[in-house]
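# Coordinates in review
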Amino acid sequence: MDKILVVDDIEQNVELISRYLINAGYNVITANSGSMAIKKAKMLQPDLIILDIMMPHVSGYDVCKILKSNEDTKYISILVVTALDSKDTKVRAFEVGADDFITKSFDKMTLLSKVKSLLRIKHLSDQLKEQYAELQEKNNIMDYQLKMAKQVQQSLIQEANFSVNDVKFTSRYMPALDVGGDVYDIIKLDEDSVGVFIADVSGHGISAALLTSMVKMLFRNLVSTYPEPNKLLSQMNHEFINVFANKITDVYASAFYAKIDTKKRIIYYSNAGQALPLFVSSCNHTAQELDINGLPIGLMENSSYDLKSTVFEKGDLILFYTDGLCDSLYKDNPEEFIQKLKELLLDYKNQPSEEIIESILNQFYNLDDSSKYETDDVSIIICKI
């Protein structure tokens, strides 16, 4: 039952309005002064206030102004009642926050019509506030889940800075503001061999975090059993598809895996749709992609993957990266991106790996405040002899 506060310093007016309202099925409370109206409004939280303007000490204008400026009462609808039927009176009433206006003497039907209209607005407002509160609660839960997913994803990626037989491995991970899909792993396979795995899964948000966890787990579980890069990717594809077959569509991961023999200085590699690493030859002063094709993991059952190898010499370097680096500034012109990246690597090939990474980020990932919310993760790995 809707609760209505009737405020008037004249007792007969309070009784008349109260009788109309009670007969119409409303719960009525009363106040005979402005100060009492303010107290009861704050304490009892009525759905509507019918408020007389002309009252001693604290006028209806003052009551309206005070209630509308208070956080606990500002959404209570107020119907102003006065014997002064002038434009200035109405304007002033609306200026202090009144929701509607009625002049004395009014008939029962006019009063009840305005009461019903204001209460309908109040009910709609309450529904909107409830829906907003529910939505806000869901958003808070989603924000918490996204933060947890982001922490999980970032915990999977450990930045590297170590050497094996004078071959140095250095990495940098630049996480997106949203949860992205990058994952990489640099693992010492034996005394001389190091595995470099880099991948980018489909999607963003919680689903991407779950996929990166799965891809990392698959790699770690299979890498010792399948030493050849192409066979490893093939088995990862097989197990990936077994998990999602006939269950979820558009789930896949691009990946590149290189097994680097630091003693013989040979790199064996295979690709599953990932951005091609750049190989910089110090002796020839050239920068070329490690060109090899392959479908992303999860797109087709029984996909086969090629295996290639190349020899590297002292002073050479290999750059592995995810496509977020290109998407930052050169999304529509990948050819220009590759050319500029090659030029930068040739200019900086003799610098320490950390400085090369900083130079790459400064040129290709220097984002302003407006674009940083649209960017993807960026992962960079440098293998330098």
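Thresholds applied
- Residues numbered from 1 in each chain as written.
- Predicted model: local features only at pLDDT ≥ 70, side-chain atom pairs only at ≥ 80, totals over all residues.
- Heavy atoms only, no water.
- UniProt positions renumbered as here; feature names shortened; annotations may be inferred.
- Helix = DSSP H or I, 4+ residues; strand = E, 2+ residues; numbered from the N terminus.
- Rg over C-alpha atoms; globule rule 2.2 N^0.38 Å.
- Buried < 20%, exposed > 50% of the residue type's maximum accessible area, 1.4 Å probe, protein only.
- Contact = heavy atoms within 4.5 Å.
- Areas by Shrake-Rupley, 256 points an atom, 1.4 Å probe, with all protein chains shown as cover.
- Core = buried A, V, L, I, M, F, W, Y, C linked by side-chain atoms within 4.5 Å.
- Pairing = 2+ DSSP bridges.
- Axes fitted to C-alpha atoms, helices over the stretch in contact; angles between N-to-C directions.

In the nomenclature of an unreviewed UniProt entry, the protein corresponds to Stage 0 sporulation protein A homolog from the organism Defluviitalea saccharophila. Of the protein, the UniProt comment under Function (unreviewed entry) reads exactly: "May play the central regulatory role in sporulation. It may be an element of the effector pathway responsible for the activation of sporulation genes in response to nutritional stress. Spo0A may act in concert with spo0H (a sigma factor) to control the expression of some genes that are critical to the sporulation process."

## What about the overall build of the protein?
Each helix and strand in the protein was counted, giving 10 helices and 16 strands. Relative to the 2.2 N^0.38 estimate, which gives 21 Å for 385 residues, the radius of gyration of the protein is 35 Å and therefore markedly larger than a compact globule would have. On the principal axes, the C-alpha backbone points of the protein span a range of 105 × 45 × 35 Å. Counting across all 385 residues of the protein, residues that qualify as buried make up 47%. Taking contacts inside the protein between residues at least 6 apart in sequence as the whole, the part at least 24 apart equals 67%. With an accessible surface of roughly 19700 Å², the protein has 49% of that area assigned to carbon and sulfur atoms.

## Brief notes about the nonpolar core
One finds Phe-169, Ile-186, Val-196, Ile-260, Ile-267 and Phe-320 to be the most contacted residues of the largest nonpolar core, which totals 26 residues. Taken together, the elements giving at least two residues each to this core come down to β7 (167-174), β8 (182-188), β9 (193-201), β10 (253-261), β11 (266-272), β15 (317-321) and β16 (378-384). If we ignore the near neighbours within four places in the chain, the residues touching Phe-169 are Ala-160, Asn-161, Phe-162, Ile-186, Val-194, Val-196, Ile-260, Thr-262, Ile-382 and Cys-383.

## Description of the sheet that holds strand β2 (residues 27-31)
Pairing is parallel in the open sheet, where five strands are placed in the order β2-β1-β3-β4-β5. Here the strands that pair on one side only, and so sit at the sheet edges, are β2 and β5 (100-103). Strand-to-strand twist in this sheet, taken as the mean axis angle between neighbours without regard to direction, amounts to 20 degrees. By the bridge criterion, five bridges tie strand β3 (residues 48-52) to strand β4 (residues 77-82) in an arrangement that is parallel. Within β4, the position partnered with Leu-48 by the bridge is Ser-77. In this fold helix α3 (residues 60-68) packs onto β3 and β4, with an angle of close to 150 degrees to the strand it touches most, β3.

## Observations regarding the environment of Glu-239
Following the sequence through the fold, Glu-239 ends up in helix α7 (residues 229-244). Owing to a relative accessible area of 29%, Glu-239 belongs among the partly exposed residues under this scheme. Non-local contacts of Glu-239, meaning those with residues more than four positions away in its chain, are made with Leu-218 and Leu-222.

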